[in-house]
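The chain contents come next:
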Amino acid sequence: MKNSARLWLWIGLLGFCVLPWYILEDGLWSFEWLFDGYPYDTNYAPALFLILQGEKLWLSPLLLFLLLPGIGKFFSARSGDFSVLATRRANVLIIAGIAGLVWMLLQGFGIGLRGWNFAALDALFGALDDRQFGMGAGALLVAAAFLFWLTTGVAGRGAIKGDVFVVGAIGLIVAMVTMFIFFPIVQMLSSAFTDNDGVFSPGLFATKFFEDKIWGLACLTGGTRCGVAWNSLFLAVLVGFITTLLGLVFALVATRSNFLYGRVLRGLTVLPIITPPFVIGLAIILLFGLSGTITQFFAELFGLQATRWIYGLPGIFIAQLLSFTPIAFLVLIGVVEGVSPSMEEAAQTLRASRWQTFRTVSLPLMRPGLANAFLLGFIESMADFGNPLVLGGNFDVLSTEIFFAIVGAQNDQSKAAVLAVALLIFTLSAFYAQRRWLGKKSYTTQTGKGDGGMHVLLPKRVMLPCYAIAGIWTLFTLTVYGMILYGGFVELWGLDHSLTFKHYLAAFAVGFNDFGLHFKGSAWDSFFTTLKIAGIAAPITAIIGLITAWLLVRQNFAGKSLFEFGTMLSFAIPGTVIGVSYILAFNVPPIELTGTGVILVISFIFRNMPVGVRAGIASMSQLDKSLDEASLTLGASTWRTFTRIILPLMRPAILAALVFSFVRAMTAISAVIFLVSAEYNMATSYIIGRVENNDYGIAIAYCSVLIVVMLFLVATTQLLVGRVNTKRRQQPSIALA
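Not measured: the values here are computed from a predicted model.

1. A short note on the overall build of the chain
- Looking only at helices and strands, the chain has 32 helices and 6 strands in total.
- When each of the 737 residues of the chain is scored for burial, the buried share is 49%.
- For the chain, the proportion of contacts with a sequence separation of at least 24, taken over those separated by at least 6, is 74%.
- Of the roughly 35600 Å² of accessible surface on the chain, a fraction of 65% belongs to carbon and sulfur atoms.

2. Overview of the nonpolar core
- Core analysis: the largest hydrophobic core is formed by 174 residues, its most contacted members being Met188, Leu551, Tyr582, Phe586, Phe606, Phe674 and Tyr702.
- Among the elements that line this core, the one with the most residues is helix H23 (residues 524–554), at 13 residues.
- Among residues more than four places away in sequence, those in contact with Tyr702 are Phe508, Ala523, Ser526, Phe527, Ala683, Tyr686 and Ile687.

3. With respect to unusual backbone geometry
- A cis amide bond links Pro589 with the next residue in sequence, Pro590, at an omega value of 10 degrees.
- Phi at Lys56 is positive, roughly 50 degrees, even though this residue is not glycine.
- Inspection of the secondary structure puts Lys56 in the loop between helix H2 (47–52) and helix H3 (60–76).

4. Overview of the confidence of the model for the chain
- Confidence along the chain averages 82 in pLDDT terms, with 89% of residues attaining 70 or more.
- Across the chain, the element-wise mean pLDDT spans from 67 in helix H32 (residues 696–736) up to 94 in helix H6 (residues 137–156).
- Across residues 442–451 the pLDDT falls below 50, and counting only partners more than four positions away or on other chains, this stretch makes 15 contacts in the model.
- Low pLDDT, under 50, characterises residues 724–737; the predicted model gives this stretch 6 contacts beyond four residues in sequence or across chains.

5. Description of the packing of helix H10 (residues 228–255) against helix H17 (residues 367–383)
- Where H10 meets H17, the closest approach of the two axes is 8 Å, and the angle between their N-to-C directions is 140 degrees. Overall, the two elements H10 and H17 adopt an arrangement that is oblique. Read as a crossing pair, H10 and H17 show a hand that is right-handed. Contact with H10, carried on its side by Ser232, Leu233, Leu235, Ala236, Val237, Val239, Gly240, Phe241, Thr243, Thr244 and Leu248, involves Leu370, Ala373, Phe374, Gly377, Phe378, Ser381 and Met382 of H17 and no other residues of that element.
- Looking at side-chain class alone, the contact of H10 with H17 contains 12 nonpolar, 6 polar and no charged residues.

6. What about a nonpolar patch on the surface?
- A cluster of nonpolar side chains, namely Phe297, Phe298, Leu301, Phe302 and Leu304, defines an oily patch on the protein surface of about 560 Å² accessible area.
- Considering the arrangement of structural elements, one finds Leu301 in helix H13 (residues 293–302).

7. Points about the packing of helix H7 (residues 164–192) against H23
- In contact at an axis separation of 11 Å, H7 and H23 are set at 125 degrees when each is read in the N-to-C sense. With respect to H23, the axis of H7 lies oblique. Relative to H23, the crossing made by H7 is left-handed. Taking contact as the criterion, the partners of Phe165, Val166, Ala169, Ile170, Ile173 and Met176 in H7 are, on H23, Ile544, Ile547, Thr548, Trp550 and Leu551.
- A class-by-class count of the residues in the contact of H7 with H23 yields 10 nonpolar, 1 polar and no charged.

8. Digging into the packing of aromatic side chains
- As enumerated under the stated definition, the model contains 42 aromatic pairs in all.
- Arranged with centres 5.3 Å apart and planes meeting at 65 degrees, the rings of Phe403 and Phe404 form a pair that is edge-to-face.
- Given a relative accessible area of 7%, Phe403 falls into the buried group.
- With centroids separated by 5.2 Å and ring planes inclined at 85 degrees, the aromatic side chains of Phe519 and Phe528 adopt a geometry described as edge-to-face.
- Judged by its relative accessible area of 36%, Phe519 is partly exposed.
- Residue Phe528 is classed as partly exposed on the basis of its relative accessible area, which comes to 37%.
- The ring of Tyr686 is capped by Arg690, whose NZ or CZ atom sits 5.5 Å from the centre of that ring.

9. Some remarks on the pairing of strand E6 (residues 516–519)
- As defined by bridge partners, strand E5 (residues 510–513) adjoins E6 across 4 bridges and the pair is classed as antiparallel. Of the residues in E6, the one forming a bridge with Asn513 is Gly516.
- In sequence, E5 turns back onto E6 through a hairpin of 2 residues.

10. What about the environment of Gly471?
- Within the secondary structure, Gly471 is located in helix H21 (residues 460–487).
- For Gly471, a relative accessible area of 40% puts it in the partly exposed group.
- Taking the C-alpha atoms as reference, Gly471 lies 9.8 Å from Leu265; in sequence the two are 206 residues apart.

11. A short note on helix H31 (residues 683–692)
- Across the 10 residues of H31, 8 count as buried, placing the element largely inside the fold.
- Listing the buried residues of H31 in full gives Ala683, Thr684, Ser685, Tyr686, Ile687, Ile688, Gly689 and Val691.

12. Re the pattern of salt bridges
- Enumeration according to the criterion identifies 6 salt bridges in this entry.
- A salt bridge links Lys56 to Asp130; the nearest nitrogen and oxygen atoms lie 3.4 Å apart. Here Lys56, found in the loop between H2 and H3, pairs with Asp130, found in the loop between helix H5 (119–125) and H6; they are 74 residues apart in sequence, far enough to count as distant.
- Of the charged contacts in the structure, one is a salt bridge between Arg554 and Asp628, with a shortest N-O distance of 3.1 Å. Placement of the pair is Arg554 in helix H23 and Asp628 in helix H27 (residues 626–633), with a sequence separation of 74 residues. Like Asp628, Arg554 is buried.

13. Quick word on the side chain of Lys208
- Structurally, Lys208 is set in helix H8 (residues 202–209).
- What makes Lys208 buried here is its relative accessible area of 15%.
- Contact partners of Lys208, with chain neighbours within four places excluded, come to Ile214, Asp412, Ser414, Lys415 and Val418.

14. Some words on the environment of Phe642
- The topology assignment puts Phe642 in helix H28 (residues 638–649).
- Sequence separation between Phe642 and Ser631 is 11 residues, and the spatial gap between their C-alpha atoms is 9.5 Å.
- Once residues lying within four places of it in the same chain are set aside, the contact partners of Phe642 are Phe165, Ile547, Trp550 and Leu647.

Rules behind the numbers
- Along each chain, numbering runs from 1 in the same order as the chain's sequence is written.
- Per-residue local features are limited, in this predicted model, to residues with pLDDT of at least 70; the limit for side-chain atom pairs, both in listing and counting, is 80 or more; totals at the level of whole chains, interfaces and linings are taken over all residues.
- The basis for every side-chain value is the complete set of non-hydrogen atoms in the structure, without hydrogens or water.
- Helix and strand definitions here come from DSSP, where helices need a minimum of 4 consecutive H or I residues and strands a minimum of 2 consecutive E residues; each element is numbered from the N-terminal end.
- A 1.4 Å probe rolled over the protein chains alone gives each residue an accessible area, and that area as a share of the maximum for its type sets the label: buried under 20%, exposed over 50%, partly exposed in between.
- The contact rule is simple, with two residues in contact once any of their heavy atoms fall within 4.5 Å.
- Only the protein chains shown count as cover for residues, and all accessible areas are computed by the Shrake-Rupley method using a 1.4 Å probe.
- Throughout, nonpolar core names a set of buried Ala, Val, Leu, Ile, Met, Phe, Trp, Tyr and Cys residues whose side chains join them through atoms within 4.5 Å.
- pLDDT runs from 0 to 100 and stands for how confident the predictor is about each residue.
- Angles shown run from 0 to 180 degrees and are taken between the N-to-C directions of axes, each axis being a line fitted to C-alpha atoms and, for helices, limited to the stretch in contact.
- Between 65 and 115 degrees an angle is taken as roughly perpendicular, under 35 as roughly parallel, over 145 as roughly antiparallel, and anywhere else as oblique.
- Two helices that cross are described as forming a left-handed crossing if the nearer one is turned anticlockwise from the farther one by less than a right angle, and a right-handed crossing if clockwise.
- As a working rule, the residues Ala, Val, Leu, Ile, Met, Phe, Trp, Tyr, Cys and Pro are called nonpolar, Asp, Glu, Lys and Arg charged, and the rest polar, with Gly in that last group.
- Only residues whose relative accessible area exceeds 30% and that form no salt bridge enter a patch; like-charged residues are grouped when within 9 Å of one another, and nonpolar side chains (Val, Leu, Ile, Met, Phe, Trp, Tyr) when within 5 Å.
- What counts as a salt bridge is simple: a side-chain nitrogen of Lys or Arg found within 4 Å of a carboxyl oxygen of Asp or Glu.
- Centres within 6.5 Å make a pair out of two Phe, Tyr or Trp rings, where for Trp the six-membered ring is used; the pair is then stacked when the planes are under 30 degrees apart, edge-to-face when over 60, and tilted otherwise.
- Counting as a charge over the ring demands two things of the Lys NZ or Arg CZ atom: a distance within 6 Å of the ring centre and an angle within 35 degrees of the ring normal.
- Two strands are said to pair when DSSP picks up at least two bridges between them.

Structural data, given as C-alpha cells:
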C-alpha cells in the first residue's frame, strides 16, 4: 500500500506541476508546447503555474488534496500499533482520493467555456469572468492519482484480501465504464429532455417522441408510410428470425451431415465480418439496381421495364441477411457441436426416430444459442447504418433518421437524442426479452467427462431442405462477392463495362516527387488514418477485455453482477446511439474530445470490449484455478501471477480479441460517421462519401483493398494460433522423453 501511494503521489505531482492542465489544440501527442511559452503561456501551463499567475484559482484545492496523504502520514506516525497505523493511512488515502475526485468533477462540470455552466451558480456567486477548456494530460494524471489512492485505501482496509492490484483494476474498469458508457448515455437522455436553450422540458420530449414520423401507422390505413420506429422494429425482427434460421441450417449442414465442403461454409462466414457493412449493399445495386446485371437480363429476356424495386425494404432485407447470417452461424455452430451425443443416442435407444430425436432433444438444447443468434441479428439490424443509407429509398429507419437529424439541414441534436432513445428502448427490450425467454433453466450437456458418442445425422426431411438452402445461399454469396471484385475494374457500371484500373489508381496511386515516395491517391490519407486508429484501439481493447474477464472469473467482490452488466452494456447499445451520445457528452468541457483521434479510439475500445470480455471468459474458464493458487503460494504477487501465468496461457484468446477489435475498427460505420473530422477521416466514412457522389468505382475498389488486407490479417492470426496450439500439445511429449 505504501509503495503504491508513493508512486501515485509522484504521478499526481507530475500532472499538477509539469504537464499542461488543459487539452492542447495540436493534440495529445504534440510537444510543440515545450517551445512555445511553456510554462507561463496559459494555453500550455500546468495547474501550478496557472495558480501562481492568478489564473484558474479554483484548481488550488487540488494541491491540498495531493499533499493530504503526506500530512496524514505525519499525524498517524504517532501511533505505535502497526494495524492502527495501516488503517489510518488507508483512511487518509480514501479521504484524499474521494475529495480530489469530487472537486475535479465539481469544478469541471461547474465551469465551462462561458463561465458558470449553471444559472444557479451564476446567481449564487455572480458572473465569472474566466473560463476553462477540456481537461488535458495534467488533469488526467491527477485524476488517476486520486482514483488509485482511493482504490489503494480501500485495499488497505481489507477489501478483496487487501490486494492493491485487484482493487485498482476494478476501480479502473468501473471508472472507465462510467465515463465512456454510462455518462454519454445519461447525457443523451438529458439532451432529449431539454430544449435549445438547455431548459428541462418533458413536454417537448413527449411532443418529439410521439411524432407520427416515428410511430405513425398510416400504412395500415391506406397511407404510404409507417413510422420509422415500426419500420426498424419490423425489419429487425424479420432479419433476426431469418438469420437465426439460416445460421442454424448452415450449422446443421456443417456438423450433422456428410457434407464434403464444410470448410467452404466456414470460410464464407469470414467474408461478411471483414467486409465494410455497406459494401454488400453496393453489390446488390450492381446486381439488382436499375442498371444491374440481373435486372437488365430479365428485362431484355421478358421485355419488361426495369424498375428500382431493390430500393427500400427488399434491398435492405437482402443486404442484412447477407451481412448478419454468418454471425448467427458462428454463434450456433458451437452450440450445435456442444449438444452431447450421448443424450441423442439415449433417445434413439428408447426407439425415437431421428426426426423425434432432433425435435425433442437436440433442438431444445440449442435454445440459448438460438436466443443469442436472434438477439445479435436484431441488434445488428437496428444498428445498421450503411445498408439503409445505400438501399433505403423511401423506407426510413431510425439509424439513418438519427444521422440526418444531426448532419442534415435540421441540425437538431435534441431530435437525434429522442430518436436514439427509441432505438435504445428497442435494443434493451430485446436484451431483456432474451433473458426472460431463457429463464433460469439449465442447458448443460457437457460435464467435463469423456463423451465418445457420435452426433446423430439429420433426418432426410431436414437434411434435403438444408442442402438446398445452403447451396443456393453459397452460390448467391459467391456471386455477390464476385461482383464486388469485378465492379472495381469496370469503367462505368451499367453503361461501359470495359476493364480499367483507373479506380484503383485514383484511390491508391503512388508516385515520386522531390521528397521521395509520394502517396498521391485520394484514399491513402483515410487508409493510413484507419490503420493507425485501429492499431491503437485493438491492443487496448484486448487488454481491458481480458482484465475484465479475469476479474469476473477469478475474483469475488460485492456488486460483481452489476459490474458485469456495466461492461456488457455497450453490446446492447447500437453504434448509432454511441455516436450521438459521444457527440453530446464530449463536445464541451470537462472532457472535450470531439474532432480528435482520441474519441475514435475510445469509441472503438468500448464498442468492442464485450467481445474481448467474452473471449477471455471462455478461455479462462478452461484454466484450472490451481495454477493461480500455486503461483500465489510461492510468493508471487497477483500482478506477477496475472502477467507471467495467466496471460501466456491465454495467447489464442488475446490474438482473437486483437483481430476482432482491429477488423471491427477498420469496418465500423454506425458510430464513426458521427465522430470523424477533416483531420481524422476513416475509410468507411470516405467510402460513404464516394457512394453519395455516385462514384461507385472508387468505393468498390477501396472496399476490395480493405477485404484483402483483413483477409491477410485473419489468415496470419490463424497461423499464429495454430503454432501456439501445436507447441502446447508437444510439451508433454518432451517432458516424458
